[in-house]
Amino acid sequence: MDYSYDLLGGYEQRLLAQLSVFWGSFTLEAAEAVVAVGEVAGRVLPGLLALVDNSLLQQTDVGGEVRLALLDVVREYAHERLVAVGGGDELQRRHANWYLRLAEQAEQEIRGAQQVGWLQRLEQDYANLEAALAWTLAHDPEMAIRLTGAL
């Protein structure tokens, strides 16, 4: 892993570490919302493509939507890097906020004509919703109540 990591530029190394807050698969939109802050804003897509090209990030098509995922071993390695440089708490908060907004939107939309689509979306994001709930239970009980209520 060190060899592959060392082949990346500094930006791609930071992006990989930041992506370790995601569990399972995630969308480009989610990645941009969680990691696109400061110097990385506007550079997320090229960075993701570089990680795909370096086989550190997997890209799949699920129902016409591109989803991205880190293999577990890559995610664990990247998370160690994130912990080493710090900043994980703010990323976890942004991750939890993104999935809270998704759950609240699903709560509204799931009663409509797109019910099946929203149920599938929630299923695809199950691991991230679970991770967001675990983080909020430990760090922000009010957000945990909102997330649980929406789900």
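The structure presented is a predicted model; accordingly, all values stated were derived computationally and were not measured.

**Q** Just to check I follow, could you spell out the pattern of salt bridges for this structure?
**A** Side chains that carry opposite charge are capable of pairing whenever their charged atoms lie near each other. The full count for this structure, using the stated rule, is seven salt bridges. A salt bridge links Asp125 to Arg67, with the nearest nitrogen and oxygen atoms 2.6 Å apart. In this pair, Asp125 sits in the loop between α7 (115-124) and α8 (126-139) while Arg67 sits in strand β3 (residues 65-69), placing the two residues 58 residues apart along the sequence. Here Asp125 and Arg67 have matching classes, each one buried. A salt bridge links Asp125 to Arg121, with the shortest nitrogen-to-oxygen separation between them at 2.7 Å. Assigned by exposure class, Asp125 and Arg121 land together as buried. Via salt bridges that share partners, Glu65, Arg67, Arg121 and Asp125 belong to a single interconnected network.

**Q** When you look at the sheet that holds strand β1 (residues 25-27) in this model, what are you seeing that I'm missing?
**A** Strand pairing in a sheet relies on backbone hydrogen bonds, with the paired strands running either antiparallel or parallel. Taken in spatial order, the three strands line up as β1-β3-β2 in an open sheet, and their pairing is antiparallel. What marks the edges here is a single partner per strand, and that holds for β1 and β2 (58-62). The mean angle between the axes of side-by-side strands here comes to 40°, regardless of whether they run parallel or antiparallel. Pairing between β2 and β3: five bridges, direction antiparallel. Residue pairing for β3: Gln59 is matched across the bridge by Leu68. Here helix α3 (residues 28-35) sits on the sheet in contact with β1 and β3, set at roughly 80° to β1.

**Q** Looking at this structure, how should I read the packing of helix α2 (residues 10-19) against helix α4 (residues 44-53)?
**A** The relative placement of two packed helices comes down to the angle between their axes together with the axis-to-axis distance. For the pair α2 and α4, interaxial distance at closest approach is 10 Å and the crossing angle is 90°. Considered as vectors, α2 and α4 are oriented roughly perpendicular to each other. Each of Tyr11, Glu12, Leu15, Leu16 and Leu19 in α2 lies in contact with α4, whose residues at this interface are Val44, Gly47, Leu48, Ala50 and Leu51. Partitioned by chemical class, the residues of the contact of α2 with α4 number eight nonpolar, one polar and one charged.

**Q** Explain the packing of helix α6 (residues 88-109) against α7 to me, please; I cannot follow it from the model alone.
**A** Interhelical geometry of α6 versus α7 gives an angle of 155° and a closest axis separation of 10 Å. Classed by the angle they form, the pair α6 and α7 counts as roughly antiparallel. At the point where α6 passes α7, the crossing takes the left-handed sense. Contact residues: Trp98, Leu102, Gln105, Ala106 and Glu109 in α6; Trp118, Arg121 and Leu122 in α7.

What counts and what doesn't
- Residues numbered from 1 in each chain as written.
- Predicted model: local features only at pLDDT ≥ 70, side-chain atom pairs only at ≥ 80, totals over all residues.
- Heavy atoms only, no water.
- Salt bridge = Lys/Arg side-chain N within 4 Å of Asp/Glu carboxyl O.
- Helix = DSSP H or I, 4+ residues; strand = E, 2+ residues; numbered from the N terminus.
- Buried < 20%, exposed > 50% of the residue type's maximum accessible area, 1.4 Å probe, protein only.
- Pairing = 2+ DSSP bridges.
- Axes fitted to C-alpha atoms, helices over the stretch in contact; angles between N-to-C directions.
- Contact = heavy atoms within 4.5 Å.
- Parallel < 35°, antiparallel > 145°, perpendicular 65-115°, else oblique.
- Nonpolar A, V, L, I, M, F, W, Y, C, P; charged D, E, K, R; others polar.
- Left-handed = near helix turned anticlockwise from the far one by under 90°.

On their own, these measurements won't tell you what the molecule is for.
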